[in-house]
Amino acid sequence: MHSRCDLACDHCYIYEHADTSWRGRPRAVSGPVLARTAERIAEHAAAHALPAVHVVLHGGEPLLAGPALLRRAAEELHRALPADCSLDLRIHTNGVLLSPALLDLFAEYGIKVGISLDGDRAANDRHRRYADGRSSHGKVLAALELLRRPEYRHLYAGLLCTIDVENDPLAVYDALLALEPPRIDFLLPHATWDAPPKRPPGLGGHPYADWLLAIHERWTAQGRPVPVRTFDSVHRTLRGRSSLTESLGLDPADLVVVETDGSFEQADSLKTAYDGAPATGFTVFAHTLDQVADHPGMRERQSGLAGLGDDCRSCPVVRSCGGGLYAHRYRTGSGFANPSVFCGDLMHLITTVRDRIADTATVPAQAKPVEADLTDDQLDRIAAGHGDTDTVTALAASQLGLTRAMVAALADGRPDAWQLLADLDGRAPHALDAVLAHPYARAWAARCLRGESGADLGGLAELAAAAALRAGVAFDLPVPVRGGAVHLPTLGRLHVGGVGEARLTGTADGFTARGARLDWDAPPTPAWQAVRRVALPGWTVALEDTDPQRDSHQWPAADRLGEDALLAWSDALREAWELVGRDLPGHVAGLAAGLTTVTPLRPGPEGRDVSASARQAFGAVGIARPATAPTLALLLVHEFQHVKLGAVLDRHDLYDPADDRLYHAPWRPDPRPLEGLLQGTYAHLAVTEFWAARVRVYDGLPGGPADHARQQLATWRAHTATAVETLAGSGSLTPLGARMVSGMRTAVTPWLAVPVGAAAEAAARAAAAANRTAWEEQLAAAGG
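Residues numbered from 1 in each chain as written. Predicted model: local features only at pLDDT ≥ 70, side-chain atom pairs only at ≥ 80, totals over all residues. Heavy atoms only, no water.

Colleague: Summarise the overall build of the protein chain; cite the residues concerned and give the values.
Modeller: The helix and strand inventory of the protein chain stands at 26 helices and 22 strands. The C-alpha extent of the protein chain, read off along each of the three principal axes, is 95 × 65 × 55 Å. With 784 residues in all, the protein chain has 56% of them scored as buried. Intrachain contacts of the protein chain at a sequence separation of at least 6 include 69% that bridge at least 24 residues. Carbon and sulfur atoms make up 54% of the accessible area of the protein chain, which totals about 31,500 Å². (Helix = DSSP H or I, 4+ residues; strand = E, 2+ residues; numbered from the N terminus. Buried < 20%, exposed > 50% of the residue type's maximum accessible area, 1.4 Å probe, protein only. Contact = heavy atoms within 4.5 Å. Areas by Shrake-Rupley, 256 points an atom, 1.4 Å probe, with all protein chains shown as cover.)

Next comes the structure, spelled out in structure tokens:
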């Protein structure tokens, strides 16, 4: 936003280290740069179907840009982003110019505020002063006083503190903690092997680790009262989880910087290495973010273990350390192919924290990471309309990763709940994953990130409480009361009456809220409504009728099932599952691995059979219970096709998102966008397979059911085959998309040869012609 600063911090990597590019750049960003940057971000989000993007307004000192430019930045981003992509917008500032007017602006656009502060006055004034030597501490405290007012508290993102080992670590920590931050981030000072960090005499061989460990000991003894990104990242990576910071762990870097002139740069920490180190030669006016991502420097920072030197790869804590921050590895002559200049400190920090944590198991250095993307063989199995256990499990793991990222983006809204979640991620990750894998956890997070009416951050407390109860971990947490009940995702709801919040106290034996008590070992009280599960051979599925987030589908969710309705659902699922196993065996493994939840829906208009899936609720389908088991089997496999393909599209580009043409879908009168046609075609692979199976069941039999099955097969195989060729001829498929569609063509081909008789073929042609005519009329009316 602005390339200059109103302070003269002597540890600043922008002005005081090797890079001098700031001298030749405009002081403030321009309107055209902001508009083009927003367009590039939106282009990238649409191309990769990103559920959210994270943007930080930075500097220099971004508040020097003034309210007009800050408003312009927020407006351009909100205007450009696709409707289904949420914006996590933040600003990082020294705080000295923060005012109520600016905070009102930030509240208007949901801009979270992070502030740099190095501790108490003595610690902060060591480096963070004005150019004339004046202290900045008083103005920063005044800014934080503003930010902590009730009307602005929700904007408070946290504090960033740069470590100086000559400052008292506990005095620094206590000063920061007193300011009630939602999060604290301690940063190692930027240094390289050419310009190493100071190591004052008398402070031992690893002073930076000792400084952090003194705080870690107090933080742990206090019950971890605030999330600390460095400590949380060490705890997570020691257990094989992702890091929360680029300076630890092996997660690929996903950060790009846009300078005031529109230049794309790599991480700005590289400014500490050598003059021009972060440059890419790319600009927002001439290059896409995909081109930036393909820059050799960006690829190097995304290569994980393979991008480290031999010493690092063989280190026992490499999956926690990750080689340290990339910039800190630099040495003239060998570039970045070195351990961090803080290597000894990082080793001591990680191994000491490891030894302090009970039941910790480090991850071997050569352990194979979880693959987020499908292999070619797995994609081929999906394209064929099915997907075995490993394939659908890989999709589920990928979706869990997305949910984790979306939930983490909401952490600042409920720091108490986030702290419990972070603690559980270390102590009981399986319990946490069981809750975060719940389909409607992601649906809730998506609503919050989109800022939908009625979405609230109390869901973070509900997730944390449910995970703690699953883990048997004691907690005390305020949770929302919705419809007179406390809701615990994956577990059920407890009716406590009233509205607002209830303090939920949990132990290994059960929990209490507003005087209502549930003991796991005692008979349930009428106030407790558990999530009921139907256990079938090889498949256990939840009938979700308690979660308030379940109303995520096209059709409204049904109310709590009575005992008769529950029995009817259980019987129908049992019969449908037997039918799938007999007639559609290729779907069994995928359904068992990925379909965890069936949400009963209200009947459709005039009692019609209705069903739906939701892109943000992997693992769930909504169905209004039909009259027959075969119809339920059809709805299960049909909707789960949408669930699988949605997960594939979240990770893989199958078509060019710039194609905004509308296409003929043979089964509908209205024209469809390319993704809609792809989704429908893939779902109808299962529909065609179902009717082919019904034709086999009725083989040789005359009469109504047999004739109906033959006509349905003739209709759906023609629809599906036609749509496959429309997709193939669109010219908008990526190579991966073309491979997917080729697999779909292969899947439908054998069904085209199944004899159905002339009458069925004629009826299918008539249905296709009627839909085609209706489509052409709609297209003509729209001017297409």
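Colleague: Now, about helix α19 (residues 458–471): what can you tell me, with residues and values included?
Modeller: Its 14 residues give α19 an end-to-end C-alpha distance of 20 Å, which sits within 8% of 20 Å, the value for a rise of 1.5 Å per residue. Burial of α19 is extensive: twelve of the 14 residues sit out of reach of the surface. Three or more residues of α19 are buried, namely Gly458, Gly459, Leu460, Ala461, Glu462, Leu463, Ala464, Ala465, Ala466, Ala467, Ala468 and Leu469. Just downstream of α19, glycine 472 is the residue with a positive phi angle, here 70°. (Expected span 1.5 Å × (residues − 1).)

Colleague: Can you tell me about the packing of aromatic side chains, naming the residues and giving the values?
Modeller: Going through the model one piece at a time under the given rule, you end up with ten aromatic pairs. For the pair tryptophan 219 and phenylalanine 231, a centre-to-centre distance of 5.1 Å together with 50° between the ring planes defines the contact as tilted. Of this pair, tryptophan 219 sits in helix α7 (residues 207–221) while phenylalanine 231 sits in helix α8 (residues 229–238); the two residues are twelve residues apart in sequence, bridging distant segments of the chain. Tryptophan 219 gets classed as buried once you look at its relative accessible area, which sits at 0%. Look at tyrosine 330 and phenylalanine 336: their rings are 5.1 Å apart centre to centre, the planes differ by 55°, and that puts the pair in the tilted class. On the basis of relative accessible area, tyrosine 330 is assigned to the buried category, the value being 11%. One aromatic cluster in this structure is built from Tyr274, Tyr326, Tyr330 and Phe336. Sitting over the ring of tyrosine 130, arginine 134 keeps its end group 4.1 Å from the ring centre. (Phe/Tyr/Trp six-rings, centres within 6.5 Å; stacked < 30°, edge-to-face > 60°. Lys NZ or Arg CZ within 6 Å of the ring centre and 35° of its normal.)

Colleague: Outline the pairing of strand β20 (residues 620–623), supporting the account with residue identities and numerical values.
Modeller: Alternating residues of β20 divide into Ala620 and Gly622 and Val621 and Ile623, and every residue in both groups is buried. Summarising the sheet, strand β18 (residues 597–600) and β20 pair through four bridges and their orientation is parallel. By the bridge assignment, valine 598 is partnered in β20 with valine 621. For strand β19 (residues 611–612) and β20, the ladder comprises two bridges, and the chain directions are antiparallel. In the strand pairing of β20, serine 611 is matched with isoleucine 623. (Pairing = 2+ DSSP bridges.)

Colleague: Can you tell me about the environment of phenylalanine 231, naming the residues and giving the values?
Modeller: Taking relative accessible area as the criterion, phenylalanine 231 reaches 1% and is therefore assigned buried. The spacing of phenylalanine 231 and leucine 244 is 13 residues in sequence and 9.6 Å in space, taken between C-alpha atoms. Dropping the residues within four chain positions of it, phenylalanine 231 is found in contact with Leu212, Ile215, His216 and Trp219.

Colleague: Tell me about unusual backbone geometry, and name the residues and values.
Modeller: The omega torsion across glycine 59 and glycine 60 is 20°, close enough to zero to call that bond cis. Structurally, glycine 60 can be placed in the loop between β1 (52–57) and α2 (66–80). A positive phi is found at glutamate 180, a non-glycine position, where the angle reads about 50°. For arginine 224, which is not a glycine, the phi torsion comes out positive at approximately 55°.

Colleague: How would you explain the sheet that holds strand β5 (residues 184–187) if you had to name every residue and give the values?
Modeller: The strand order β1-β2-β3-β4-β5 describes an open sheet built from five strands, whose pairing is parallel. Of all strands in the sheet, those with a lone pairing partner are β1 and β5, marking the two edges. Within this sheet the neighbouring strands show an average axis-to-axis angle of 20°, counted without direction. One ladder, built from six bridges, connects β1 with strand β2 (residues 86–93); its direction is parallel. In the strand pairing of β2, alanine 52 is matched with serine 86. (Axes fitted to C-alpha atoms, helices over the stretch in contact; angles between N-to-C directions.)

Colleague: Which residues make up the environment of alanine 18, and what values go with them?
Modeller: Summarising the element assignment, alanine 18 is placed in the segment before α1 (31–47). For the pair formed by alanine 18 and alanine 195, sequence separation is 177 residues and the distance between their alpha carbons is 9.5 Å. When near neighbours in sequence (up to four residues on either side) are disregarded, alanine 18 contacts Lys271, Thr272, Ala273, Tyr274 and Asp275.

Colleague: I'd like a description of the sheet that holds strand β17 (residues 539–543), backed by residues and values.
Modeller: The mixed open sheet is built from five strands, whose spatial order is β16-β17-β18-β20-β19. Two strands close off the open sheet at either side, each with one partner strand: β16 (532–536) and β19.

Colleague: Please give an account of the packing of helix α23 (residues 674–697) against helix α25 (residues 735–752) that cites residues and values.
Modeller: In the contact formed by α23 and α25, the axes pass within 10 Å of each other and the chain directions differ by 25°. The orientation of α23 with respect to α25, classified from their angle, is roughly parallel. With respect to the hand of their crossing, α23 and α25 are arranged in left-handed fashion. Across the interface between the two elements, Leu678, Thr681, Tyr682, Leu685, Thr688, Glu689 and Ala692 from α23 touch Met740, Val741, Met744, Ala747, Val748 and Trp751 from α25. A per-class count over the contact of α23 with α25 returns ten nonpolar, two polar and one charged. (Parallel < 35°, antiparallel > 145°, perpendicular 65-115°, else oblique. Left-handed = near helix turned anticlockwise from the far one by under 90°. Nonpolar A, V, L, I, M, F, W, Y, C, P; charged D, E, K, R; others polar.)

Colleague: Would you mind going over the nonpolar core in detail, with residue names and values included?
Modeller: The biggest cluster of nonpolar side chains holds 97 residues, and the ones touching the most others in it are Met1, Leu70, Leu103, Phe106, Ile115, Leu144 and Phe186. Considering each element in turn, this core owes the most residues, seven residues, to α7. Not counting the four nearest positions on each side in its chain, phenylalanine 106 is found in contact with Leu63, Leu70, Ile91, Leu98, Ile111, Val113 and Leu155. Formed by 74 residues, the second largest nonpolar core is a distinct cluster that contains Leu536, Ala633, Ala693 and Ala714. (Core = buried A, V, L, I, M, F, W, Y, C linked by side-chain atoms within 4.5 Å.)

Colleague: If you had to explain the packing of helix α22 (residues 629–651) against α23 to someone new, which residues and values would you point to?
Modeller: Following both chains from N to C, one finds α22 and α23 inclined at 150°, their axes separated by 9 Å at the closest point. Handedness of the crossing formed by α22 with α23: right-handed. The class makeup of the residues in the contact of α22 with α23 is 13 nonpolar, seven polar and three charged.

Colleague: How would you summarise the pattern of salt bridges if you had to cite specific residues and measurements?
Modeller: Counting across every chain of the model gives 58 salt bridges. With a closest N to O distance of 2.9 Å, arginine 199 and aspartate 345 form a salt bridge. Taken together, the residues arginine 199 in the loop between β5 and α7 and aspartate 345 in helix α13 (residues 343–356) connect sequence positions 146 residues apart. You can call aspartate 345 buried: its relative accessible area is 4%. What emerges from the salt-bridge pattern is a single network uniting Asp19, Arg25, Glu259, Asp261, Glu265 and Lys271. (Salt bridge = Lys/Arg side-chain N within 4 Å of Asp/Glu carboxyl O.)

Colleague: Describe in detail the environment of arginine 427, supporting the description with residues and values.
Modeller: Summarising the element assignment, arginine 427 is placed in helix α16 (residues 415–427). Judged by relative accessible area, arginine 427 falls into the exposed class, the value being 54%. Counting along the chain gives 155 residues from arginine 427 to threonine 272, while the straight-line C-alpha distance between them is 37 Å. For arginine 427, the contacting residues outside a window of four places in its chain are Arg239 and Val473.

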